[in-house]
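Chain by chain, the residues:
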Amino acid sequence: TLVDGVESVFSLFTASRIDPATGAIASMLPERFEDGDDVRDIIAKAGEKDLLIAQFSRPEHNAALISIESPFSEENGQAPEAEPVYHLIDEIRAIAPEGLQLDFVGYPLLRADAVEALISDQTILTILGVSLVFLVSLATFRAVIPATVCALPALASVVWVLGGYGIAGSSINYLS
């Protein structure tokens, strides 16, 4: 919760119960574990009493799920672009204790990865398309100048499309 961009954190450690006698809210897990405590056993026993702890933990695999709410969503007007999402992940990894393995999942990461892959694929396919036109023309004409002349329309079409977006003042995004 101390990392900028994290709005809230929900995990098995946020599981709580209401004490019927006093009405006080008490954590299902101890606030601190002592050196001699069998943490897996404590979490497994708490998971038998509380479904949330059972769903958020896998003591037999030494794993737990921690749900992080971030501001990245179209509803907030902050679409999950690759750079901010990866920056948040890097910040979280930087403060994680040594030896803790972190795996990230969720919509913001999936969308950031998909957008990055789309842009990469579009760039590679454009380069491959122009190269293929040049190679086929080179094989057909067996000369560099005619092959270059045949490849020019493919290059010109890319320039025309980008120029058209610029003249129209349209933004270029991963879909366009």
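Definitions and limits used
Residues numbered from 1 in each chain as written. Predicted model: local features only at pLDDT ≥ 70, side-chain atom pairs only at ≥ 80, totals over all residues. Heavy atoms only, no water. Helix = DSSP H or I, 4+ residues; strand = E, 2+ residues; numbered from the N terminus. Rg over C-alpha atoms; globule rule 2.2 N^0.38 Å. Contact = heavy atoms within 4.5 Å. Salt bridge = Lys/Arg side-chain N within 4 Å of Asp/Glu carboxyl O. Buried < 20%, exposed > 50% of the residue type's maximum accessible area, 1.4 Å probe, protein only.

Quick notes on the overall build of the protein
Logical step 1: Scanning the protein from terminus to terminus reveals five helices and six strands.
Logical step 2: When the helices and strands of the protein are listed from N to C terminus, the series reads β-β-β-α-α-β-β-β-α-α-α.
Logical step 3: For the protein, the C-alpha radius of gyration of 27 Å lies well beyond 16 Å, the compact-globule estimate for 176 residues.
Logical step 4: Once the C-alpha set of the protein is aligned to its principal axes, its extents read approximately 90 × 35 × 25 Å.
Logical step 5: For the protein, the proportion of contacts with a sequence separation of at least 24, taken over those separated by at least 6, is 49%.

A short note on the pattern of salt bridges
As a working rule, side chains carrying opposite charge can pair if their charged atoms are close by.
Logical step 1: In total, this model carries two salt bridges according to the counting rule given.
Logical step 2: K45 is paired through a salt bridge with D41; the nearest N and O atoms lie 3.2 Å apart. Residue K45 and its partner D41 are located together in helix α1 (residues 39-49), separated by four residues, close to a single helical turn.
Logical step 3: Residue classification places K45 among the partly exposed residues on the basis of a relative accessible area of 47%.

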